[in-house]
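# Structural description and commentary
What follows is each chain in one-letter form.
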Amino acid sequence: MSSFKVSPGRWFGILWRSLDATRRALLNLLFLLIIVLLVVSLFSSGKRIEDKTVLLLDFKGSLVEQQSGSVRQTLTSQLQGEDKENVQLRDVLKVLDAAAKDPKISSTVLLLDEFQGAGMPMLRDVGSALDRFRASGKKVVAWGSGYDQRQYFLAVHADEIYLHPMGVVELEGFGGYRNYYRDALDKLGITVNVMRVGTYKSFAEPFIANAPSPAALEAETFLYNGMWKNYTDTVEKARKLPAGGVMQVIDNLPQLVGAAHGDLAQVALSAKLVDGLKTRDELRQLMLARGVKDEKTHSFRQITFDDYLSKQKPQFIGDAVAVVIAAGDISDGNAGPGSIGGLSTANLIRSAREDEHVKAVVLRVDSPGGSAFGAELIRRELELTRAAGKPVVVSMGDVAASGGYWISMSADEVIADPATITGSIGVFALLPTADRAIDKIGVHSGGVTTTWLRDGYNPMRPLDPRFRDLVQAEIEHIYGDFTSKAAAARKTTPEKIDAVAQGRVWTGEQAKERGLIDTIGSYGDALDSAAKRAKLGDGYRVTYIEREPNGFDRVLRLFETKVAQVLNDQFDWKLAQSGVPPSVARGVAHDLGWLSEIAETRKPFTAVTHCFCAQP
């Protein structure tokens, strides 16, 4: 009688399949548990909110249009006990508008120490929501151990602003200095060939000059002065300060600090920038005296922003205004939440157009631009949406410049904040070459081609003049297309658009004066306009059309060309040897990363509509 024997390899296979089946079963059970918890949380009210509850707006991170990353990543982080890195504008507006109507919510406390802010347009949207909350008869109290410029711009919408006795209100103004790399790149043997159209198109200047051009200085001076006036006007109106009061404090700060014996908190109080100096426990006592004590926490009765947000139930039924978020740099293909892919964002717009319950579309733009081709894919899809009979309204956020303006050119109405950075109608291409750099390290290239065009642009060889002329001609053609489309959208002539284009940036207010936008208004104004154009009544539904990124979209491309190696290796080593602070080194690496990306692109060249601009 023979015995049954199983080989070690077969035993291992059986064991592995068993473990794999167990793993999948556990993951499926975990997934089912998460679904059940989500459903329960969606349809249950959770802990009941009691009378005289204070809404605690303890924002953490930056205010953003859209969370980056996937829903799975966010959920995993929360399950691991990690705080959210950012807070979405839409969530803040939803919470404040709901709390204003909630009889259980008596007031709001703003705690801004961990809030990293946003640009003025987004902060103004939150400020307007705070004003609506106050208009309902409820108070807003702000407290901070200190306030930076962005935090303070939000705090001025409170009824009372309190500062820690050791704190400071930092109002510094706008503008700054940028790094210029011409000499450094020359020493490394890197040549940056620039083809552009636009006197004010200064994006490439850091790579080809050692200082800003007069045109760039003129444009930035006009832009920042306009934005600073808007900032100080807002603060002075909210704090009931005399016109010019903020600048008076800044100009006389050394004398004011001297008179206060170095006490910066007292300076802020004397200048009426704050209403009082209080420690955090003193704030707690103030709110206890005004409200109700929570016996469990021994503090005033309160609910956090995240907890109150979780109680807001989405509306699934009824005709809707669809919102597509276009935030970040524009690329040609697919991109996940928090960035713009020409193809993926166009698909979202098409999805909204083909949804029978969607009656109008709002494109919310916060982008300095990027690929001209990607921008055109998005603009064309909006054009088709309008042709299908659905109104399109563009809402410009912090930045809607260059490619961000391009995607805004097919709308029934364009609405911007007074401080939105927009315009920058211009086009450029950068073609870096490193022939001198590789010669220094003893690397040479050689070979044959059947046509001159096959090696017209080789980052390892000098740029062929014929290829330069070809690219310049294409850039001029795209600029002509840009201005022609802008002229058609703005119902004017290409010549009049060219006069305010040339790559120049404007604030929303300045753009309105020059006919580049239709209306100065808020994000809420854009939603209302879209609903009105679609003949939707009050209480219309708002739905956000978003895409879940797949794994491939999140794969990072690695740069392996000689240009990238020379740039990264040389600059990393030299910066380390020079003792440059890490924060400065990261800024340099970010700037030069553009050259690495351009050198590695699979296309002969990329026409770029990008603005080297951001909210201060």
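Residues numbered from 1 in each chain as written. Predicted model: local features only at pLDDT ≥ 70, side-chain atom pairs only at ≥ 80, totals over all residues. Heavy atoms only, no water.

## Considering helix 21 (residues 523-533)
- Residues of helix 21 that are buried include every one of Tyr523, Ala526, Leu527, Ser529, Ala530 and Ala531, and no others.
- The N-cap residue of helix 21 is Ser522: its side-chain oxygen and the backbone nitrogen of Gly524 are 3.4 Å apart.
- Two residues or fewer after helix 21 comes Lys535, characterised by a positive phi angle close to 60°. (Buried < 20%, exposed > 50% of the residue type's maximum accessible area, 1.4 Å probe, protein only. Helix = DSSP H or I, 4+ residues; strand = E, 2+ residues; numbered from the N terminus. Polar contact = N/O pair within 3.5 Å; in protein donor to acceptor, adjacent residues only side chain to side chain.)

## Digging into the pattern of salt bridges
- By the definition in use, this model includes 29 salt bridges.
- For Asp97, the salt bridge is made with Arg132, and the minimal N-O distance between the two is 3.0 Å. Pair noted here: Asp97 is in helix 3 (residues 89-101) and Arg132 is in helix 4 (residues 120-135), with a separation of 35 residues, a long-range link.
- The exposure class assigned to Asp97 is partly exposed, which follows from its relative accessible area of 28%.
- By relative accessible area, Arg132 is classed as partly exposed at 39%.
- Lys229 is the partner of Asp233 in a salt bridge, and the nearest nitrogen-oxygen pair spans 2.7 Å. Placement of the pair is Asp233 and Lys229 together in helix 8 (residues 214-238), with a separation of four residues, close to one helical turn.
- One salt-bridge network, in which partners are shared between bridges, spans Glu376, Arg379, Arg380 and Glu383. (Salt bridge = Lys/Arg side-chain N within 4 Å of Asp/Glu carboxyl O.)

## Digging into the environment of Leu431
- Within the element layout of this structure, Leu431 appears in strand 21 (residues 427-433).
- Here Leu431 falls in the buried class, since its relative accessible area comes to 1%.
- Between the C-alpha atoms of Leu431 and Asn193, which are 238 residues apart in sequence, the distance is 5.0 Å.

## Focus: the nonpolar core
- Grouped together as the largest cluster of nonpolar side chains are 79 residues, with contacts concentrated most on Phe59, Leu63 and Tyr152.
- Look past the residues within four positions of Tyr152 in its chain and what remains in contact with it is Tyr147, Ile161, Val169, Leu171, Tyr231, Val235, Arg239 and Leu273.
- Counting 51 residues, the second largest nonpolar core, distinct from the first, contains Met195, Ala372, Val471 and Ala486. (Core = buried A, V, L, I, M, F, W, Y, C linked by side-chain atoms within 4.5 Å. Contact = heavy atoms within 4.5 Å.)

## Some points on unusual backbone geometry
- Of note in this structure, His261 is not a glycine but carries a positive phi near 55°.
- Mapped onto the secondary structure, His261 falls in the loop between helix 10 (253-259) and helix 11 (264-270).
- On the basis of relative accessibility, which here comes to 74%, the residue His261 falls in the exposed class.
- The backbone of Gln502 sits at a positive phi, close to 55°, despite the residue not being glycine.
- Tracing the backbone through its elements, the reader meets Gln502 in the loop between helix 19 (494-500) and strand 22 (505-507).

## A look at the sheet that holds strand 6 (residues 139-144)
- Reading across from one edge, 9-7-6-4-1-12 is the order of the six strands in this open sheet, with parallel pairing throughout. Of all strands in the sheet, those with a lone pairing partner are strand 9 (276-277) and strand 12 (302-304), marking the two edges.
- Pairing of strand 7 (residues 160-163) with strand 9 involves two bridges; the strand directions are parallel. Residue Leu163 lies in a different strand from strand 9, and its bridge partner there is Leu277.
- Against the sheet, helix 3 makes contact with strand 1 (53-57) and strand 4 (105-111), and its axis sits at roughly 165° relative to strand 1, the strand it touches most.
- Across the face of the sheet, helix 12 (residues 280-290) comes into contact with strand 1, strand 4, strand 6, strand 7 and strand 9 while running at roughly 165° to strand 6. (Pairing = 2+ DSSP bridges. Axes fitted to C-alpha atoms, helices over the stretch in contact; angles between N-to-C directions.)

## Details of the pairing of strand 4
- The buried fraction of strand 4 is high, at six of seven residues.
- Sheet analysis places strand 1 next to strand 4, joined by five bridges and oriented parallel. Across the sheet, the residue bridging to Val54 is Ser107, located in strand 4.
- Bridge count between strand 4 and strand 6: five bridges; the pairing is parallel. Each residue of the ladder has a partner; that of Leu111, found in strand 6, is Trp143.

## Description of the sheet that holds strand 5 (residues 115-117)
- Taken in spatial order, the three strands line up as 3-2-5 in an open sheet, and their pairing is parallel. If you trace the sheet from one side to the other, it starts and ends with strand 3 (86-88) and strand 5, each paired once. Within the sheet, the average angular offset between the axes of one strand and its neighbour, ignoring direction, is 30°.
- When strand 2 (residues 61-64) meets strand 5, the two strands line up parallel, connected through two bridges. Its bridge partner lying in strand 5, Ser62 is registered against Gly117.
- With respect to the sheet, helix 3 is in contact with strand 2 and strand 3, its orientation differing from that of strand 3 by roughly 60°.

## Digging into the packing of helix 3 against helix 4
- Remark: helix 3 packs on helix 4, axes separated minimally by 8 Å, with the N-to-C direction vectors making an angle of 10°. With respect to helix 4, the element helix 3 is oriented roughly parallel. For the pair formed by helix 3 and helix 4, the contact residues are Leu89, Val92, Leu93, Leu96, Asp97, Ala99 and Ala100 on the first element and Met122, Asp125, Val126, Ala129, Leu130, Arg132 and Phe133 on the second.
- Looking at the contact of helix 3 with helix 4 residue by residue, the class counts come to 11 nonpolar, no polar and three charged. (Parallel < 35°, antiparallel > 145°, perpendicular 65-115°, else oblique. Nonpolar A, V, L, I, M, F, W, Y, C, P; charged D, E, K, R; others polar.)

## Brief notes about the pairing of strand 16 (residues 358-367)
- By the criterion of burial, strand 16 is predominantly enclosed, with nine of the 10 residues buried.
- Here strand 13 (residues 320-327) pairs with strand 16 via eight bridges, running parallel. Its bridge partner being in strand 16, Ala327 is matched across the sheet by Asp366.
- Where strand 16 lies against strand 18 (residues 392-401), six bridges are found, and the strand directions are parallel. Within strand 18, the position partnered with Leu363 by the bridge is Val394.

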